[in-house]
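An overview of the molecular structure
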2 protein chains.
Amino acid sequence: VDGTLTEAAQAHLDDLTKPRGSLGRLEEIALQFVRATGCLKPVLTKKKICCFAGDHGVAIEGVSAFPAEVTPQMVYNMLSGGAAINVLASHSGADLDVVDMGVNHDFPETEGLVQRKVGRGTRNIAEGPAMTEAETLIALMAGAGIALSAHEAGYHLLGTGEMGIANTTPATALYAVLLGIAPETIAGRGTGIDDQRLEHKKTVIRRAIEINQLHCGTPLGTLAALGGFEIAGIAGFILGAASVRLPVVVDGFISTAGAVAAMKLCPASSGYLFFSHLSNEQGHRTVMESQGVRPILDLDLRLGEGTGGALAMHVIEGAIRIYNEMATFSSACVAGKEGE
Amino acid sequence: VDGTLTEAAQAHLDDLTKPRGSLGRLEEIALQFVRATGCLKPVLTKKKICCFAGDHGVAIEGVSAFPAEVTPQMVYNMLSGGAAINVLASHSGADLDVVDMGVNHDFPETEGLVQRKVGRGTRNIAEGPAMTEAETLIALMAGAGIALSAHEAGYHLLGTGEMGIANTTPATALYAVLLGIAPETIAGRGTGIDDQRLEHKKTVIRRAIEINQLHCGTPLGTLAALGGFEIAGIAGFILGAASVRLPVVVDGFISTAGAVAAMKLCPASSGYLFFSHLSNEQGHRTVMESQGVRPILDLDLRLGEGTGGALAMHVIEGAIRIYNEMATFSSACVAGKEGE
């Protein structure tokens, strides 16, 4: 982070024809984008959302309201353009790739599908580690590679998304261990489970943490034991993007688990992240507050796929356009604040 | 409001390939748009923001950080494309009109400027009524006419904006009287005044309310005595739009004063309003809470011009696109929630 760069960007913002600071978070976002990219004249036109999909062995414990077949079904829905993320990515002008990190189904080669399958679903975290450390590293590398390809293809902003029935369970277990939060306080209803199933989900999460205790000595070990292929893919995607100073918009509850894993593996990656929205999934607020983050939007979304990230891209792009396109006081012949 | 229409729209939302209610406020927004327009298949492509400008006699009391000449200077800045609202209107794909409701300056005929001048600035509310009731009615009619023209031109969504040095002072006075809120609790720093000037502003507002007490027996009388040409223009714009079921996105602190006046004049107009953002201007939160409204965005903006409304248009349009474009469970062959 370059002090001179920040000062120059701030001076530019203060010279735009508006009272100082009156564009609030838009100004903060523009500053962060400048710092992240290192460009005093930032460019933001090409955007891509990568939706990482994976299945979870723990689904067999009955922790979700939907059956596991829905993971591949929703991947097909995304590939044919019918899912929420297709609509919102298109609305934000972002390209969309669906990445098969580990769905329990073999997809034919399809436009828009990136094949990076590490396995056909993880193992059941209630009985042992979800992945080996080797599998986890492969998933991290796969995610990083996708970010690096996007960088080479000229993208200026990436967004995370995910699809994976039951994945709020591993995400909650990861938060509990990586951040030291009691899992009962952050376990939520996911796709919409009832009270009884929520109690059961909490029990499963506690069991998963207990049984994997010995594997959780490091961030990588924790990610392997309690994570998932798509969550590790997201963590790698973030690390790869950060390595080339490419900012990433983080979607909701699951994507944030990938982001927390990335920040535990490499704390400097946090400067490249825009947390898009406060999820309605119970627990996301606690996690965001623990990281000192105030997400950009708060729209009660709890869908994932990258939907909140797609919406936040409008705000981020607006911030960069403000920074780049507004007139300055001198150029527009507008009088400044009295006494300045 | 048609119960069958709401039920049909809700049933459609519940059939989209996502857990029920998982798109939170996007679903609420789509429902409100359907109810407001009466269209079960809503269309939202053409959008327009109208930025109402006016000067205020009370500026002479020294209640603003900027001199009154800035009102016409900023109108020129908007007409040449350099203001924040130009950038954000363009970003949201909205057309922009600047409406001269009562600036203390004669503008040449210019593309993008709508001439509806009722006077060259209002009178000083600290000494008596800002406007006569006749002037106020003319301003209301002018605003309504602009909304009706936009309706005829095929716009599907309108946005309010304003420019007028010193206009947080009349807006605060209006809130105090129309909503029965102590003005000290909602008077804020506007474009950025210091503590001393803020105390002075509060004294001026109290004096304005006291001196105009006899004129404030009705909403119209209050709007005339304590409002402004651009605030009355916004109120009329909302009433005109509501009369043809055209939804309006309300910007921040000043625009909301126009909206509150409209709702006091005609309570049914509230169903057509989307409150775009929670302004960073102290007092807006109190006002929003008094109306039971949770604005769409919360980005610490305090600029006005329509900037928050322009950003919220992205979210509203996203909601309508979700409603119109997503696949349904049956069409996409996706399994539903277990037990449903």
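All figures in this text were calculated on a predicted structure; none of them were measured in a lab.

**Here we look at the relation of the copies chain A and chain B**
If you rotate chain A by 180° and push it 0.0 Å along the axis, it lands on chain B with an RMSD of 0.0 Å. The transformation relating the two chain copies, once decomposed into turn and shift, fits a two-fold axis. With an isologous cut-off of 70% or more, the 100% of interface residues of chain A that recur at the interface of chain B puts this contact in the isologous class.

**Side note on the sheet that holds strand E3 (residues 113-115) of chain A**
Residues and elements named next belong to chain A. Read from one edge to the other, the open sheet built from 6 strands follows the order E3-E2-E1-E4-E5-E6, with strand pairing classed as parallel. Strands at the two margins of the open sheet, each flanked by one partner only, are E3 and strand E6 (273-275). For this sheet, the mean inter-axis angle between neighbouring strands, taken without regard to orientation, is 30°. Bridge count between strand E4 (residues 157-163) and strand E5 (residues 248-250): 2 bridges; the pairing is parallel. Along E5, the bridge assignment pairs Leu-158 with Val-248.

**Quick look at unusual backbone geometry**
Residues and elements named next belong to chain A. One non-glycine residue, Arg-245, lies in positive phi territory at about 55°. Assignment of secondary structure puts Arg-245 in the loop between helix H10 (229-243) and E5. Overall, Arg-245 belongs to the partly exposed group, its relative accessible area being 37%.

**Some details on the pattern of salt bridges**
Going through the model one piece at a time under the given rule, you end up with 30 salt bridges over all chains. Its salt-bridge partner being Glu-199 of chain B, residue Lys-202 of chain B comes within 3.5 Å of it at the nearest N-O pair. With Lys-202 of chain B and Glu-199 of chain B both in helix H8 (residues 195-211) and 3 residues apart, this pair spans about one turn of that helix. Classification of Lys-202 of chain B by relative accessible area gives buried; the value is 15%. Measuring nitrogen to oxygen at the nearest pair gives 2.9 Å for the salt bridge that ties Arg-321 of chain B to Glu-325 of chain B. In this pair, Arg-321 of chain B and Glu-325 of chain B both sit in helix H13 (residues 307-325), 4 residues apart, roughly one turn of the helix. Among the charged side chains, a salt-bridge network with shared partners connects Arg-294 of chain A together with Asp-298 and Asp-300 of chain B.

**Overview of the side chain of Thr-122 of chain A**
Residue and element names in this part refer to chain A. Topologically, Thr-122 is positioned in the loop between E3 and helix H5 (133-152). On the basis of relative accessibility, which here comes to 9%, the residue Thr-122 falls in the buried class. Filtering out sequence-adjacent residues up to four positions away, Thr-122 remains in contact with Asp-55, His-56, Gly-57, Ala-130, Met-131, Gly-228 and Phe-229.

**Quick look at helix H9 (residues 219-226) of chain A**
Residue and element names in this part refer to chain A. Burial runs high along H9: 7 of the 8 residues are buried. All buried positions along H9 are accounted for by Leu-220, Gly-221, Thr-222, Leu-223, Ala-224, Ala-225 and Leu-226. Residues of H9 that are buried make contact with H5, helix H6 (168-179), helix H8 (195-211), H10 and helix H11 (253-265).

**Some thoughts on the packing of aromatic side chains**
The final tally for this structure, using the stated rule, is 8 aromatic pairs over all chains. If you follow Lys-46 of chain A out to its NZ or CZ, it ends over the ring of Tyr-155 of chain A, 4.4 Å from the centre.

**Some remarks on the domain arrangement of chain A**
Residues and elements named next belong to chain A. Domain boundaries assigned for chain A yield domain 1 (3-42 + 324-332) and domain 2 (47-315). Centre-to-centre separation of domain 1 and domain 2, based on C-alpha positions: 32 Å. Taken residue by residue, the interface counts 9 residues in domain 1 and 13 residues in domain 2. Between domain 1 and domain 2 the total buried area reaches about 920 Å² when both faces are included, carbon and sulfur atoms providing 58% of it. Where domain 1 packs against domain 2, one counts 0 salt bridges. For the pair domain 1 and domain 2, the number of links is 6 residue pairs in polar contact (both at pLDDT 80 or more).

**Concerning H6 of chain A**
All names here are of chain A. The terminal C-alpha atoms of H6, which comprises 12 residues, lie 16 Å apart, in line with the 16 Å expected from a rise of 1.5 Å per residue. The buried fraction of H6 is high, at 11 of 12 residues. All buried positions along H6 are accounted for by Thr-168, Thr-169, Pro-170, Ala-171, Thr-172, Ala-173, Leu-174, Tyr-175, Ala-176, Leu-178 and Leu-179. Summarising the contacts, the buried residues of H6 are in contact with helix H7 (183-186), H8, H9, H10, H11 and helix H12 (284-290). In the segment just after H6, Gly-180 is the residue with positive phi, at about 65°.

Analysis parameters
- Residues numbered from 1 in each chain as written.
- Chains lettered and ligands numbered in written order.
- Predicted model: local features only at pLDDT ≥ 70, side-chain atom pairs only at ≥ 80, totals over all residues.
- Heavy atoms only, no water.
- Least-squares fit on C-alpha atoms with pLDDT ≥ 70 in both.
- Contact = heavy atoms within 4.5 Å.
- Pairing = 2+ DSSP bridges.
- Helix = DSSP H or I, 4+ residues; strand = E, 2+ residues; numbered from the N terminus.
- Axes fitted to C-alpha atoms, helices over the stretch in contact; angles between N-to-C directions.
- Buried < 20%, exposed > 50% of the residue type's maximum accessible area, 1.4 Å probe, protein only.
- Salt bridge = Lys/Arg side-chain N within 4 Å of Asp/Glu carboxyl O.
- Phe/Tyr/Trp six-rings, centres within 6.5 Å; stacked < 30°, edge-to-face > 60°.
- Lys NZ or Arg CZ within 6 Å of the ring centre and 35° of its normal.
- Domains from an automatic or database assignment.
- Buried area = accessible area lost by both parts, 1.4 Å probe.
- Polar contact = N/O pair within 3.5 Å; in protein donor to acceptor, adjacent residues only side chain to side chain.
- Expected span 1.5 Å × (residues − 1).

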